[in-house]
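Each chain, written out:
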Amino acid sequence: MYIEKLLAKQNMTKYRLSVISGIPHATLNDICSGKTRIDKCSAMTVYKLAKALNITMENLIELCLKETAVNNEREKSYEYGLPEYLQHDLDEYKKGLKKGSPLMDCLWGELYGSINVAEHTDGIISSQQAQYLRKKYLWR
């Protein structure tokens, strides 16, 4: 997230930012990981972060949201343009999840294999795309 980029530029750790800003380390981790969106934080939290990072509140929110939007668009694109066999296995896996199929272990294995073939054997998808699919669907 953008906050981590600011920290790197300022040669500061999240722990140090937590101490300087007075924001609990767990809260800061949630914000940096994207679990908690900056626009859902209290004004006081945003103020403390902005002050500690020497940036305006408006710029902090704007830049964080902009980066989040870019990441969301990239992630959405990772599920499109898949090879036919991978798209089929992904669709079947999603159906199995919805219906509570007793064959989820088989569907999981098929999807895992298809992702690996598309990435390593066929070279059709990037390692980032493969990792995204694994993380979103398989490593729950």
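Presented here is a report on the structure given in the accompanying data block. (Residues numbered from 1 in each chain as written. Predicted model: local features only at pLDDT ≥ 70, side-chain atom pairs only at ≥ 80, totals over all residues. Heavy atoms only, no water.)

### Notes on helix H7 (residues 104–121)
Between its first and last C-alpha atoms H7 spans 24 Å; for 18 residues at 1.5 Å apiece the expected length is 26 Å, and the two agree. If you check which residues of H7 are buried, you get Met 104, Leu 107, Leu 111, Ser 114, Ile 115, Asn 116, Ala 118 and Glu 119. Those residues of H7 that are buried are in contact with helix H6 (84–99) and helix H8 (127–138). Of the residues trailing H7, Gly 123 is marked for its positive phi of about 65°. (Helix = DSSP H or I, 4+ residues; strand = E, 2+ residues; numbered from the N terminus. Expected span 1.5 Å × (residues − 1). Buried < 20%, exposed > 50% of the residue type's maximum accessible area, 1.4 Å probe, protein only. Contact = heavy atoms within 4.5 Å.)

### Thoughts on the pattern of salt bridges
What the rule picks out here adds up to 6 salt bridges. In this structure, the salt-bridge partner of Arg 37 is Asp 39, at a minimum N-O distance of 2.6 Å. With a relative accessible area of 31%, Asp 39 lands in the partly exposed category. The salt bridge involving Glu 79 is made with Lys 136; its shortest N-O contact spans 2.6 Å. (Salt bridge = Lys/Arg side-chain N within 4 Å of Asp/Glu carboxyl O.)

### Brief notes about the environment of Gly 109
Along the polypeptide, Gly 109 turns up in helix H7. For the pair Gly 109 and Ser 21, spaced 88 residues apart in the sequence, the C-alpha separation amounts to 46 Å.

### Quick look at the nonpolar core
Core analysis: the largest hydrophobic core is formed by 20 residues, its most contacted members being Ile 3, Leu 17, Ile 38, Leu 49, Leu 53, Ile 55 and Leu 60. Contributions of two or more residues to this core are made by helix H1 (2–9), helix H3 (25–33), helix H4 (43–53) and helix H5 (57–77). The element best represented in this core is H4, accounting for 5 residues. Beyond its immediate sequence surroundings of up to four residues, Leu 60 is in contact with Ile 3, Leu 6, Ile 38, Val 46, Leu 49, Ala 50, Leu 53 and Ile 55. In this structure, Leu 90, Ile 115, Leu 133 and Tyr 137 belong to the second largest nonpolar core, which totals 16 residues. (Core = buried A, V, L, I, M, F, W, Y, C linked by side-chain atoms within 4.5 Å.)

### Examining the packing of aromatic side chains
Any two aromatic rings considered together are summarised by their centre-to-centre distance and by the angle between their planes. A full pass over the atoms with the stated rule returns 3 aromatic pairs. Ring geometry for Trp 108 against Tyr 112: centres 5.2 Å apart, planes inclined by 10°, an arrangement best described as stacked. Linking Trp 108 with Tyr 112, this pair stays in helix H7, spanning 4 residues, or about one helical turn. For Trp 108, a relative accessible area of 27% corresponds to the partly exposed category. An aromatic cluster of at least three residues, connected via ring pairs, comprises Trp 108, Tyr 112 and Trp 139. (Phe/Tyr/Trp six-rings, centres within 6.5 Å; stacked < 30°, edge-to-face > 60°.)

### A look at H4
Within the span of H4, buried status applies to Thr 45, Val 46, Leu 49, Ala 50, Ala 52 and Leu 53. All buried residues of H4 project into a common sector of 165° when viewed along the axis, lining one side. Exposed positions of H4 whose direction lies more than 90 degrees from the buried face are Ala 43 and Lys 51. In the stretch just after H4, Asn 54 is the one whose phi turns positive, near 60°. (Arc of directions from axis to C-beta.)

Everything listed here is a matter of coordinates, which is why it stays silent on function.
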